[in-house]
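Observations on the model geometry
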Amino acid sequence: MDFTSKITAVIFSYYEDMTDKLIANLRKTGIKKIIIVASKAENSESEIVIKTNYPFGGEAIASIVNKISSDFFLMIDGRNQIEISEKTISVLINGISKANVGWVYSDYNIRLNDKIIFHPLINYQDGSIRDDFDFGPCVFIRTSASKEYLNELISVKNKLFYSAVYDLRLTISIKHLITRIPEPLYTVVSGTEQLPKNKIFDYVDPKNREVQIEMEKTATDYLKKVGAFIGSSSKEKIIFDKSFSFEASIIIPVKNRANTVADAITSALQQKAGFKFNIIVVDNHSDDGTSDLIKKILNTDKKVVHVIPSVKDLEIGGCWNEAIFHSVCGKFAIQLDSDDLYSDENALQKIIDKFYEENCSMVTGSYKLTNFDLKEIPPGIIDHREWTDENGHNNALRINGFGAPRAFYTPKVREIKFPNVSYGEDYAIGLAISGKYKVGRIYEPIYLCRRWEGNTDASLSIERQNRNNFYKDGLRTDEIIARQELNRHRK
């Protein structure tokens, strides 16, 4: 099949020898038009070369799109050795030729030595606006969709250096479909099947702050275009209820954590505060000795409330609901996971002070990552300094979390209720609250997040990661719709 007139391949080149292999492979499929984007690429008679130190910047992306005369272009991350066949191109063309499709991606295989590993991706949703959405190393784009919106891209208009591909994708998605083909259409040759360690924290690495500022600008521009942007001045004021018997409750959901729960409860009991508080431990039918440990502590300190749900189908979110609707739950409900600890005896006081200082409906702290022996481990302190009072609630739709510990004004969180899941339940509440009410931030670490092999998010399979990411994208989809509706009513 002759793809000469239909397709241009765009290779973001990092390694010359790998780029040469990619070009040779593409030639075999019939693709003749190739653009190489690199910082040190040599001029070539057979390929168009775009030299730049910012391959994902506005100037580079505008130059790419302007140089393409074919119907479609295949954008390839050249950090990977990729094997593409004629079938790959044929299926991609068929997929993007459907009505209103502007961007197509597919699952792929990884070849590790003689082993073939299937790498599934997830479907794109309206809420898939995070900049780290995984499309794999190849995406297929309708050229007319790119050219149509080139002048609208914030990365081009504002001369941004890192976010132009992200900007292009978001802008195309406003009027065109982004579609996944759920079959492996190409193979990535890899030396390892392991994902980079600590990738989940890349976006809060101080070295990447400049990148994050750009990504936030791009995401915010998109939210304005689709009517989901919330101005900081539109937040509703909170009038705190004075009828609660307890000012605060530390909430500890737990199931089978006999080796950590006593440390967590002890950390809660050590809090020094100028108000009345309790500790509600929701014991989700533990059978490893956790319940006995809780009862033992309960006998020595009446601050501890031991709750065993009447049903056995609760996840972490369901356990939170048991706590916040309990008759002795305080005015503010503060998180403490059964694996973790507060960093010192003043954490609770600092959180409650923040509620009153800023009239918040939610407060989020900062935490330090440690091993089981409380020795700091990379990347260390996670403080989410990307959050600003002016735009943090909008940027929250781009990133995957709010930080820890999280604390809530109980009447508001009772209105929303936690989804009965064990991943993303806190993010769901954070999104819902931040769209309407102020969220206070504490940027010093007041929480120790202990990483060990028993953590619920340790060594997740690609299938589990996909499930988690798809769920959070769904939360973002719902929240974008809710904010659009909120804005319509405010007009």
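Just so we're clear, the structure is a prediction, and the values are computed from it rather than from any experiment. (Residues numbered from 1 in each chain as written. Predicted model: local features only at pLDDT ≥ 70, side-chain atom pairs only at ≥ 80, totals over all residues. Heavy atoms only, no water.)

1. Quick word on the overall build of the protein
The helix and strand inventory of the protein stands at 15 helices and 18 strands. The C-alpha atoms of the protein give 25 Å as radius of gyration, which agrees with the globular expectation for 491 residues (23 Å, within 12%). Its C-alpha atoms give the protein principal-axis dimensions of about 80 × 55 × 40 Å. Residues classed as buried in the protein amount to 55% of the 491 residues present. Taking as baseline every contact in the protein between residues at least 6 positions apart, the subset at least 24 positions apart corresponds to 80%. For the protein, the exposed surface amounts to about 22,100 Å²; the carbon and sulfur share of it is 49%. In the protein, 65 positive and 66 negative side-chain charges are present, and the distance between their average locations comes to 3 Å. (Helix = DSSP H or I, 4+ residues; strand = E, 2+ residues; numbered from the N terminus. Rg over C-alpha atoms; globule rule 2.2 N^0.38 Å. Buried < 20%, exposed > 50% of the residue type's maximum accessible area, 1.4 Å probe, protein only. Contact = heavy atoms within 4.5 Å. Areas by Shrake-Rupley, 256 points an atom, 1.4 Å probe, with all protein chains shown as cover. Lys, Arg positive; Asp, Glu negative; His and termini not counted. Charge placed at Lys NZ, Arg CZ, Asp CG, Glu CD.)

2. Considering the pairing of strand β5 (residues 81-84)
Walk down a regular strand and you will see the side chains alternate between the two sheet faces. A one-sided burial pattern is seen for β5, the buried positions being Ile82 and Ile84 and the unburied ones Gln81 and Glu83. Relative to strand β9 (residues 177-190), β5 runs antiparallel, the two being bridged by 4 bridges. Opposite glutamine 81, over in β9, you have valine 189 as the bridge partner. (Pairing = 2+ DSSP bridges.)

3. Looking at the confidence of the model for the protein
Per-residue confidence for the protein averages 92 on the pLDDT scale, and 93% of its residues sit at or above 70. pLDDT under 50 marks residues 194-198. Its contacts with residues more than four places away, or in other chains, come to 3 contacts. (pLDDT = per-residue confidence, 0-100.)

4. Some details on the environment of arginine 406
Checked against the element boundaries, arginine 406 lands in strand β17 (residues 406-409). Judged by relative accessible area, which is 11%, arginine 406 ranks as buried. The sequence separation of arginine 406 and glycine 392 amounts to 14 residues, and the corresponding C-alpha distance is 15 Å. Filtering out sequence-adjacent residues up to four positions away, arginine 406 remains in contact with Ala333, Ile334, Gln335, Met362, Val363, Thr364 and Asp426. Reaching out from arginine 406, the side chain makes a polar contact with the backbone oxygen of glycine 403 at a distance of 2.5 Å. (Polar contact = N/O pair within 3.5 Å; in protein donor to acceptor, adjacent residues only side chain to side chain.)

5. Here we look at the nonpolar core
Counting residues in hydrophobic clusters, the biggest one holds 137 residues, and the most contacted among them are Leu74, Trp103 and Phe355. The leading source of residues in this core is strand β6 (residues 101-112), at 7 residues. Every residue in contact with phenylalanine 355, bar those within four places of it in the chain, is listed here: Phe240, Phe332, Cys360, Ser361, Met362, Val363, Ala407, Phe408 and Tyr409. (Core = buried A, V, L, I, M, F, W, Y, C linked by side-chain atoms within 4.5 Å.)

6. A closer look at the packing of aromatic side chains
Remark: the centre distance and the inter-plane angle together describe each pair of aromatic rings, the angle taken between the planes. All chains considered together, the criterion is met by 25 aromatic pairs. Centroid distance tyrosine 54 to phenylalanine 161: 4.6 Å. Interplanar angle 45°. Geometry classified as tilted. One end of the pair, tyrosine 54, is in the loop between β3 (48-51) and α2 (58-67); the other, phenylalanine 161, is in the loop between α5 (154-157) and α6 (164-175), and 107 residues separate them in sequence. Owing to a relative accessible area of 37%, tyrosine 54 belongs among the partly exposed residues under this scheme. Judged by relative accessible area, which is 37%, phenylalanine 161 ranks as partly exposed. (Phe/Tyr/Trp six-rings, centres within 6.5 Å; stacked < 30°, edge-to-face > 60°.)

7. Regarding the environment of glutamate 152
By the element assignment, glutamate 152 lies in the loop between α4 (143-148) and α5. With 19 residues separating them along the chain, glutamate 152 and threonine 171 place their C-alpha atoms 7.9 Å apart. Beyond its immediate stretch of four places on either side in the chain, glutamate 152 contacts Lys157, Thr171 and Lys225.

8. Some thoughts on helix α14 (residues 425-434)
With respect to burial, α14 is a largely interior element, 9 of its 10 residues being buried. Of the residues making up α14, those classed as buried are Glu425, Asp426, Tyr427, Ala428, Ile429, Gly430, Leu431, Ile433 and Ser434.

9. Thoughts on the environment of phenylalanine 161
Expressed as a C-alpha distance, the spacing of phenylalanine 161 and glutamate 59, which sit 102 residues apart in the sequence, is 8.0 Å. Excluding residues within four positions of it along the chain, phenylalanine 161 makes contact with Tyr54, Phe56, Gly57 and Glu214.

10. With respect to the pattern of salt bridges
In the structure shown here, the tally under the stated rule is 25 salt bridges. For the salt bridge of lysine 412 with glutamate 415, the shortest nitrogen-to-oxygen distance reads 3.6 Å. On the criterion of helical spacing, the pair formed by lysine 412 and glutamate 415 is a turn pair, its members being 3 residues apart in helix α13 (residues 410-416). Its relative accessible area of 16% is what places lysine 412 among the buried residues. (Salt bridge = Lys/Arg side-chain N within 4 Å of Asp/Glu carboxyl O.)

11. Some points on the packing of α14 against helix α15 (residues 462-490)
Here α14 crosses α15 at 15°, and the two axes come no closer than 10 Å. Between α14 and α15, the crossing angle belongs to the class labelled roughly parallel. Every pair of crossing elements has a handedness; the one defined by α14 and α15 is right-handed. Between α14 and α15, the contacting residues are Tyr427, Ala428, Leu431, Ala432 and Ser434 on the first element and Lys472, Leu475, Arg476, Glu479 and Arg483 on the second. Broken down by class, the residue content of the contact of α14 with α15 amounts to 5 nonpolar, 1 polar and 4 charged. (Axes fitted to C-alpha atoms, helices over the stretch in contact; angles between N-to-C directions. Parallel < 35°, antiparallel > 145°, perpendicular 65-115°, else oblique. Left-handed = near helix turned anticlockwise from the far one by under 90°. Nonpolar A, V, L, I, M, F, W, Y, C, P; charged D, E, K, R; others polar.)

12. Section: the side chain of aspartate 107
Locating aspartate 107 in the fold gives a position in strand β6. For aspartate 107, a relative accessible area of 0% translates into the label buried. Non-local contacts of aspartate 107, meaning those with residues more than four positions away in its chain, are made with Phe118, His119, Pro120, Leu121, Arg180, Ile181, Pro182, Glu183, Pro184, Leu185 and Tyr186.

13. Observations regarding unusual backbone geometry
In this structure, proline 379 follows proline 378 across a cis peptide bond, with omega equal to 5°. Within the element layout of this structure, proline 379 appears in strand β16 (residues 376-382). The step from alanine 404 to proline 405 runs through a cis peptide bond, and the omega angle for that step is -5°. By the secondary structure assignment, proline 405 is in the loop between α12 (392-395) and β17. Here the phi dihedral of asparagine 359 falls at roughly 55°; this positive angle occurs in a residue that is not glycine. Inspection of the secondary structure assignment puts asparagine 359 in the loop between α11 (347-358) and β15 (362-370). A positive phi is found at leucine 374, a non-glycine position, where the angle reads about 70°.

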